[in-house]
Amino acid sequence: MIKDIKNIIESLLFVAEEPLTIDSIKKVLDSTDSNAINHVLNELSNEYEARKGGFFLREVAGGYQIRTRSEYSQWIKRLLKPNPFRLSNAALETLAIVAYKQPVIRSDIEHLRGVDCGGILRMLLERKLIRVIGRREIPGRPIIYTTTKKFLELFELKDLKDLPSPKEIEELGDSSSESLANAASEIIGQTADEDKKNLDLGTWPK
Amino acid sequence: MIKDIKNIIESLLFVAEEPLTIDSIKKVLDSTDSNAINHVLNELSNEYEARKGGFFLREVAGGYQIRTRSEYSQWIKRLLKPNPFRLSNAALETLAIVAYKQPVIRSDIEHLRGVDCGGILRMLLERKLIRVIGRREIPGRPIIYTTTKKFLELFELKDLKDLPSPKEIEELGDSSSESLANAASEIIGQTADEDKKNLDLGTWPK
Amino acid sequence: MFEEPYKVLLDEVFEGPMDLLVHLIKKNEVDIYDIPIALITDQYLGCLSLMKALNIDLAGDFILMAATLAQIKSKMLLPVHESEEEEDPRMEIARPILEYLEIKSAAEQLSVRNLLGDSTFIRQPDIKDFLSNQDEEVITVGLFELIDAFQKILKNISEDQKINITADSMSVKDKISRLIDIFKEKESISFEELFAANVARIEIVLTFLAMLEMVKIGLVRIVQHTQSGVIRLFYL
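Caption draft 1: Region of interest: the confidence of the model for chain A. Across chain A, the average pLDDT comes to 81, with 83% of residues at or above 70. Taken together, the stretch residues 179-206 of chain A has pLDDT below 50 and engages in 35 contacts with residues farther than four places along the chain or on a different chain.

Now the structure itself:
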């Protein structure tokens, strides 16, 4: 039997995103001994009960899961941030256009994106990421948009000129070349290390 | 004092998505008593140490987080999908320069490494290990980079002060002569001090 | 095809000229403050020609370092004037090497730490049950994603529509934003007031450019009083 089996199972329970089944534990441990695993799970459960802490082991949906005790859920709710809201790609694009081309009118944004942006602009206005600063004195008197202070706060910027231009990021080059070399080094990592040791002009690969 | 404060804090630690700060605990508990909270965190930490289970309490990135003991990482990796997150030597070096010399601009990094670092910087930005905090007011107004909270989390660092100091580098460095490391630690102190004031983490080793 | 693995291998072994230099110094076990510059330069150049022979694309950085080494070597050949307190020309290369070694060792120390997601793990708490529909939402988005989104748009539009975004034009945008804040408080502002707070010349120029831009797009109207001659800007 594997040494530390109890701690291993506890750490597995701790990191598992879903209830941990006996089968998956067996797979990890390369073991067929369900009894031993059950025994450990029982032991852990009893231990958690005995110490009466913030969490307990619960058998759920065919597996086991560490859960916080329901007595404390009111406190947990106070901690957890409200639903994190992710900007959709469309919203991000629209926001980016307003940020880089401001002051800008809707038709310019839609021209760049090639699609209607009315709904997205409304949403961005509601979230106070953009604002209306007036109307352009051209036919139709379209509304002019700029970004807000909240926009700067969201992106942790002091002011708009701190916003890196896409060109500057472009000039950084391609990150994929880095990840490529990374992947390659993993594949050939063994040989590279070997060679590093022996490397001098004499043993250079010919 | 709230009944069950220890269990409440433990359950908060179990559900927090980021290292839990004393401030956020205070907010949840509507309390101003940092001492009591610190006391409980200490107690929990000692308890986890004493039972020597699968996890422990770690002070990291300005807060507290329960993490699994490194002894069991091989088993956990068998359970969780393989993590593609791996940094190459080049990426580690670039990250080290940003970490130790921050706030820093690209040309300083490339001067130190002697090679183009654009692709790597881009990758580190993408992975949110570094971020843009502004521009240096010199010709070209280059972008200034610093490390992020996620950097601290990744490397299990309490704060920037927790980075191995140049003195430790001196001891651990594999370079042959002692005077070498001495000279090197002299050099490290000479980075742009003006920007350092603006550094939000503000905890650079003095 | 056969050169490819070598190329990656060598790139990984020597990440740059500094790396190669450090390797040569370590291999020869020489003092960094007393680098036998002729020997190291020769070996360095030898490596370069070997890499060339293997059809490896040499980055310009490698050539630049070769030039620096050659220059130091030639400086060393010049007679030393005792009177002049000139620095050893080799310091030009020793100093960056020391710094580089320090960074390397710092990187090594980082790499042996308990990396999150590699040697230590955190819980992925199942928090669905705790999230109630609260009014306030938190937006999670990074600056990089914003730039990325805009880059995608730029890629999709035709050449002649391309816009150059410079830091300077962003400063004007900032100024417009700030002027709008002032205008939102009071409807009009006099020309003098507009520039009163500015001290630096660049600020005055930016304010003026911002004002022109705002007039152009019809955000403000400029009016001069016939008697007093006071120029006022009105927010429309």
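Caption draft 2: Here's a closer look at the environment of Leu154 of chain C. With respect to the element layout, Leu154 of chain C can be found in helix 6 (residues 143-156). Between the C-alpha atom of Leu154 of chain C and that of Ile204 of chain C, which follows or precedes it by 50 residues, the distance is 32 Å.

Caption draft 3: Representation of the pattern of salt bridges. Enumeration according to the criterion identifies 45 salt bridges over all chains in this entry. For Glu110 of chain A, the salt bridge goes to Arg106 of chain A, with nearest N and O atoms at 2.8 Å. In this pair, Glu110 of chain A and Arg106 of chain A both sit in helix 6 (residues 106-113), four residues apart, roughly one turn of the helix. Residue Arg58 of chain B pairs with Glu156 of chain B through a salt bridge whose shortest N-O separation is 3.5 Å.

Caption draft 4: Just the sheet that holds strand 3 (residues 104-105) of chain B, in detail. Residues and elements named next belong to chain B. Sheet architecture is open: three strands sit in the order 3-5-4, paired in antiparallel fashion. Two strands lie at the open edges of the sheet, namely strand 3 and strand 4 (130-135), each paired on one side alone. Where strand 4 meets strand 5 (residues 143-147), five bridges bridge the pair, whose relative direction is antiparallel. Following the sheet pairing, Ile130 is matched in strand 5 by Thr147. Its contacts with the sheet place helix 7 (residues 118-126) against strand 4 and strand 5, and it is angled at close to 105 degrees to strand 4.

Caption draft 5: Local environment of the interface of chain A and chain B. With 52 residues of chain A at the interface, the matching set in chain B holds 56 residues. Summing the contributions of chain A and of chain B, the shared interface buries around 4500 Å²; its carbon and sulfur component is 59%. Taken as a group, Phe14, Trp75 and Leu172 of chain A account for 15% of the area that chain A buries against chain B, more than any other trio of residues on that side. Linking chain A with chain B are eight salt bridges. Here Arg51 of chain A ties to Glu47 of chain B by a salt bridge, and the two come within 2.8 Å at their closest N and O atoms. Scanning the region where chain A abuts chain B turns up 22 residue pairs in polar contact (both at pLDDT 80 or more). Those elements that provide at least two residues to the side of chain A that touches chain B are helix 1 (5-15), helix 2 (22-29), helix 3 (34-51), strand 2 (63-68), helix 4 (73-79), helix 9 (166-171) and helix 10 (175-198) of chain A. Among the elements that make up the side of chain A that touches chain B, the one with the highest residue count is helix 1 of chain A (seven residues). In the side of chain A that touches chain B, the residues fall into 22 nonpolar, 10 polar and 20 charged.

Caption draft 6: Representation of the packing of helix 1 of chain A against helix 3 of chain A. Residues and elements named next belong to chain A. Axis separation between helix 1 and helix 3 bottoms out at 10 Å; the angle between their running directions is 70 degrees. Considering their axes alone, helix 1 and helix 3 lie roughly perpendicular with respect to each other. In this structure, helix 1 uses Ile5, Lys6, Ile9, Glu10 and Leu13 to contact helix 3, whose residues at the interface are Ile37, Val40, Leu41, Glu43, Leu44, Glu47 and Tyr48. For the contact of helix 1 with helix 3, the per-class residue count stands at eight nonpolar, no polar and four charged.

Cut-offs applied
Residues numbered from 1 in each chain as written. Chains lettered and ligands numbered in written order. Predicted model: local features only at pLDDT ≥ 70, side-chain atom pairs only at ≥ 80, totals over all residues. Heavy atoms only, no water. pLDDT = per-residue confidence, 0-100. Contact = heavy atoms within 4.5 Å. Helix = DSSP H or I, 4+ residues; strand = E, 2+ residues; numbered from the N terminus. Salt bridge = Lys/Arg side-chain N within 4 Å of Asp/Glu carboxyl O. Pairing = 2+ DSSP bridges. Axes fitted to C-alpha atoms, helices over the stretch in contact; angles between N-to-C directions. Buried area = accessible area lost by both parts, 1.4 Å probe. Polar contact = N/O pair within 3.5 Å; in protein donor to acceptor, adjacent residues only side chain to side chain. Nonpolar A, V, L, I, M, F, W, Y, C, P; charged D, E, K, R; others polar. Parallel < 35°, antiparallel > 145°, perpendicular 65-115°, else oblique.

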